Amino acid sequence: MPRFIVTGNYTSSAMKAMIENPSDREAAARALVEAAGGKLETFYLTTGDHDFAIKVTIDDVSSLLAGLLATGASGAVSNLRTVRAFTTDEFTEIQKKAGAIAGAYKAPGG
């Protein structure tokens with residue numbers, strides 16, 4: 001099943017609400033991912049450029065994006081980024097496919 005890493009930031013209004021009424025943000029993320037038909041594998045609060053990072057498995061990326069759209073529209077998060085993640089085994093297969101099709105590509109001037 002395809003995996004995606006999603007990162008984002010909490011808005012100042014969300015941070016204010018979390019201070020006033022602490023809540024389990026992993027549970028909230030899990031509910032959203034499950035409603036979209038996926039599985040939340042990991043949830044981390046992070047330092048640096050993003051406030052959180054989650055790893056999701058889901059077959060239908062459009063459902064994941066719909067869930068993220070709903071989350072962004074809530075005003076609680078911003079700067080959402082989604083990247084497709086591949087296991088080592090998946091990447092090994094990609095390398096094999098690349099080897100099989102490499103001869104079809106002709107570089108400029110070649």
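Bear in mind the structure is a predicted one, so any value in this text is a computation, not a measurement.

Asker: Which residues make up the pattern of salt bridges, and what are the values?
Answerer: Here the structure, examined in full by the defined rule, presents five salt bridges. Between Arg-30 and Glu-26 there is a salt bridge whose closest N-O contact spans 2.8 Å. Of this pair, Arg-30 and Glu-26 both sit in helix H2 (residues 25-35), four residues apart, which is roughly one turn of the helix. When its relative accessible area of 29% is taken as the criterion, Arg-30 is described as partly exposed. A relative accessible area of 30% means that Glu-26 is categorised as partly exposed. The closest approach of N and O atoms between Lys-55 and Glu-41, which form a salt bridge, is 3.1 Å. One end of the pair, Lys-55, is in strand S3 (residues 52-57); the other, Glu-41, is in strand S2 (residues 39-45), with 14 residues separating them in the sequence. For Lys-55, a relative accessible area of 26% puts it in the partly exposed group. Its relative accessible area of 33% is what places Glu-41 among the partly exposed residues.

Asker: Tell me about the packing of aromatic side chains, residues and numbers included.
Answerer: Evaluation of the coordinates by the stated rule reveals one aromatic pair. Centroid distance Tyr-10 to Phe-52: 5.1 Å. Interplanar angle 45 degrees. Geometry classified as tilted. With Tyr-10 in strand S1 (residues 3-10) and Phe-52 in strand S3, this residue pair connects regions lying 42 residues apart in the sequence. Here Tyr-10 matches Phe-52 in class, with each residue buried.

Asker: Give me the lowdown on the nonpolar core, citing residues and values where you can.
Answerer: Counting residues in each nonpolar core, the largest one holds 16 residues, and the members touching the most others are Tyr-10, Leu-40, Phe-43, Ile-54, Val-56, Ile-58 and Leu-64. Put simply, the parts of the chain that give this core at least two residues each are S1, H2, S2, S3 and helix H3 (61-73). Ignoring sequence-local partners within four residues, the contact set of Ile-58 consists of Met-1, Pro-2, Phe-4, Ala-36, Gly-37, Gly-38, Ser-63 and Leu-64.

Asker: Just give me the short version of the layout of surface pockets, but keep the residues and values in it.
Answerer: Roughly 310 Å³ of volume is contained in the largest pocket. In terms of lining residues, the largest pocket is bounded by 21 residues, among which Tyr-10, Arg-25, Ala-28, Thr-71 and Val-77 are the most central. Here the lining of the largest pocket takes five residues from H2, the largest share from any one element. Its residues assigned to classes, the lining of the largest pocket comprises 16 nonpolar, four polar and one charged.

What counts, and where the lines are drawn
- Residues numbered from 1 in each chain as written.
- Predicted model: local features only at pLDDT ≥ 70, side-chain atom pairs only at ≥ 80, totals over all residues.
- Heavy atoms only, no water.
- Salt bridge = Lys/Arg side-chain N within 4 Å of Asp/Glu carboxyl O.
- Helix = DSSP H or I, 4+ residues; strand = E, 2+ residues; numbered from the N terminus.
- Buried < 20%, exposed > 50% of the residue type's maximum accessible area, 1.4 Å probe, protein only.
- Phe/Tyr/Trp six-rings, centres within 6.5 Å; stacked < 30°, edge-to-face > 60°.
- Core = buried A, V, L, I, M, F, W, Y, C linked by side-chain atoms within 4.5 Å.
- Contact = heavy atoms within 4.5 Å.
- 1 Å grid on protein atoms, 1.4 Å probe; cavity = no way out; pocket = protein on both sides within 12 Å on 5 of 7 lines; lining within 4 Å.
- Points joined across faces, edges and corners; volume = space filled by probe spheres on them.
- Nonpolar A, V, L, I, M, F, W, Y, C, P; charged D, E, K, R; others polar.

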